[in-house]
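# Tertiary structure, described
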Amino acid sequence: MNGTNRYDKTIGIWMSDKKSQKLNWNELVCVCASHGYNLTKLDLERPLEDQGPIDIFLHKLTDILAAADQGDAKASFTISRVEQYLSNHSNVIVIDPLDNVRILLNRYRYYSILHNEPSFRNQSIMTPNFAEFTTSDVDLNYDIMIQRGVKFPVICKPSLAHGSKLAHEMVVIFNKTGLSVCKPPCVVQSFVNHNAVLHKVFLIGNRYHICERPSLKNFNASENLAPIFYSTGEVCKADSQSTLSILDPHDIADVRMTLNEDKIRSIIRVLRKEIGLVLAGFDVVIDNVTGDHAVIDINVFPSYDNFPDFFEHFLECIDEIVNRSTQNVCKSDVSNICQYTSGNMSNGFMNVSLCPSKYGVTGMNIN
Ligand SMILES: Nc1ncnc2c1ncn2[C@@H]1O[C@H](COP(=O)(O)OP(=O)(O)O)[C@@H](O)[C@H]1O
Ligand SMILES: [Mg+2]
């Protein structure tokens, strides 16, 4: 894979061994080659200068960034090495810039961006009310959450959204007594009843793909219920079979809320502007009473399960970024490119599920 000069440009890629083992490398190498790119797997334990020139630095550094922010010396060293390299090679296109990725490491930080977005208010898009706990003082925490309009039931989530499995250990809490299980730093967020349907949106620039996943059943506040602990993977994976997803009999008759794709595009527009990642995803649940679309999570470089022709769309997006950057578009505009003028477009965004699949390859992993 390394050391060939047949190609115009080189993509240097880094991801964890775990991600790397799942990645469909054969497909990625082929599609890169067909677009004229060489692919180099980077080793962050060695100086990046020694690994040949690269034009594009593609990475999934979230866990290392999170560990560095937590004071891990080895992770800090790795991130400094990457940042130094990128500052010495400012012509390298980074997917995605580390400072933009950092925004999504902390749930409180990105919920605040969503919460303050004025354009959401008249479109019935929202992020549920949330508050951050930095101590274990239940009385104080209760006051904080009430002051911020957070209502039971709540979901308690670690503030740190990446870095380990712990970042996905959640608790549904039904009353003040239950707040004693919160482990700071964490956020509590009002629970939105959504009939156990989660909509996951995967983005590559302005291309998107939406799929449904199981989610939590409906809950109501109660003085009697004990907190319910769960991890996201147990409940929300495509093949999860958790009893927490089985609707109670009186909820089953509920009218099914349909996803409004205009709202999804409005959310994408805001994320592109405010967070500016090419590779991102977000989770939406629909309030089963109001129909409001609630954004409950944003992810960096997500799994892209079932994304039709993932590699082809990804390389087309890279081509567009490279072309714009060689046409002297300011680097800070990179996140806003990947605009389309062709069919299957709506307001500059493309739902890839509406394009005929040319290659029949879904997602980025070996299935
Ligand atoms: N405010 C909420 N209301 C209802 N369900 C929620 C809410 N927040 C999270 N969930 C449920 O918990 C799951 C995990 O929460 P999420 O914030 O997406 O964390 P993760 O980073 O682990 O994906 C979601 O997929 C959804 O099923
Ligand atoms: Mg999620």
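Residues numbered from 1 in each chain as written. Chains lettered and ligands numbered in written order. Predicted model: local features only at pLDDT ≥ 70, side-chain atom pairs only at ≥ 80, totals over all residues. Heavy atoms only, no water.

On to the coordination of the magnesium ion (ligand 2). Around a metal, the ideal angle is 109.5 degrees if four donors adopt a tetrahedral arrangement and 90 or 180 degrees if six donors adopt an octahedral arrangement. At 2.1 Å from the magnesium ion (ligand 2) lie its protein donor atoms, namely Asp283 (OD) and Asp297 (OD). With Asp283 in strand β13 (residues 279–286) and Asp297 in strand β14 (residues 293–300), this residue pair connects regions lying 14 residues apart in the sequence. Each member of the pair Asp283 and Asp297 is classed as buried. (Donors = N, O, S within 2.8 Å, 3.2 Å for Na, K, Ca; no water. Helix = DSSP H or I, 4+ residues; strand = E, 2+ residues; numbered from the N terminus. Buried < 20%, exposed > 50% of the residue type's maximum accessible area, 1.4 Å probe, protein only.)

Here the protein is partitioned into domain 1 (1–95) and domain 2 (107–300). Across the boundary between the two partners, domain 1 contributes 7 residues, which contact 6 residues of domain 2. Buried area between domain 1 and domain 2, summed over both chains or domains, comes out near 540 Å², and the portion from carbon and sulfur atoms is 73%. The tally of links between domain 1 and domain 2 comes to 2 residue pairs in polar contact (both at pLDDT 80 or more). Element by element, the count of residues in the side of domain 1 that touches domain 2 is highest for helix α3 (residues 62–69), at 3 residues. (Domains from an automatic or database assignment. Contact = heavy atoms within 4.5 Å. Buried area = accessible area lost by both parts, 1.4 Å probe. Polar contact = N/O pair within 3.5 Å; in protein donor to acceptor, adjacent residues only side chain to side chain.)

Let us look at a positive patch on the surface. A surface patch of positive charge is lined by Lys18, Lys22, Lys165 and Lys237. As for its placement among the helices and strands, Lys18 is situated in helix α1 (residues 17–22). (Patch = residues over 30% accessible without salt bridge, like charges linked within 9 Å, V, L, I, M, F, W, Y side chains within 5 Å. Areas by Shrake-Rupley, 256 points an atom, 1.4 Å probe, with all protein chains shown as cover. Salt bridge = Lys/Arg side-chain N within 4 Å of Asp/Glu carboxyl O. Lys, Arg positive; Asp, Glu negative; His and termini not counted. Charge placed at Lys NZ, Arg CZ, Asp CG, Glu CD.)

Our next topic: the packing of helix α2 (residues 25–34) against helix α12 (residues 310–326). Between two packed helices, the angle of one axis relative to the other and the distance separating the axes together describe the packing. In the contact formed by α2 and α12, the axes pass within 10 Å of each other and the chain directions differ by 40°. Put simply, α2 runs oblique to α12. The handedness of the crossing between α2 and α12 comes out as right-handed. Within the contact between the two elements, α2 uses Glu27, Leu28, Val31 and Cys32 and α12 uses Phe311, Glu312 and Leu315. (Axes fitted to C-alpha atoms, helices over the stretch in contact; angles between N-to-C directions. Parallel < 35°, antiparallel > 145°, perpendicular 65-115°, else oblique. Left-handed = near helix turned anticlockwise from the far one by under 90°.)

In the predicted model, the protein carries a mean pLDDT of 92, and the fraction of residues at 70 or more is 93%. Every residue in residues 1–5 scores below 50 in pLDDT, and together they form 9 contacts with partners more than four places removed in sequence or on other chains. Taken together, the stretch residues 330–343 has pLDDT below 50 and engages in 31 contacts with residues farther than four places along the chain or on a different chain. (pLDDT = per-residue confidence, 0-100.)

Quick look at α12 now. Between its first and last C-alpha, α12 extends 24 Å over 17 residues, near the 24 Å set by a 1.5 Å rise per residue. All of the buried residues in α12 are Phe310, Phe311, Glu312, His313, Phe314, Leu315, Cys317, Ile318, Ile321 and Val322. (Expected span 1.5 Å × (residues − 1).)

This part covers the site of ligand 1. Lining the immediate surroundings of ligand 1 are 20 residues, of which Lys157, His168, Ser215, Tyr230 and Thr232 lie closest. One of the side-chain nitrogen or oxygen atoms of His168 is found 2.6 Å away from an oxygen atom of ligand 1. Note that a nitrogen atom of ligand 1 is positioned 3.0 Å from one of the side-chain N or O atoms of Gln189. Coverage of ligand 1 by the protein amounts to 98% of the 550 Å² it exposes when considered alone. When residues of the shell around ligand 1 are traced back to their parent elements, those giving at least two are α6 (107–115), β7 (154–158), β9 (186–190), α9 (232–236) and β14. (Near = heavy atom within 4 Å.)

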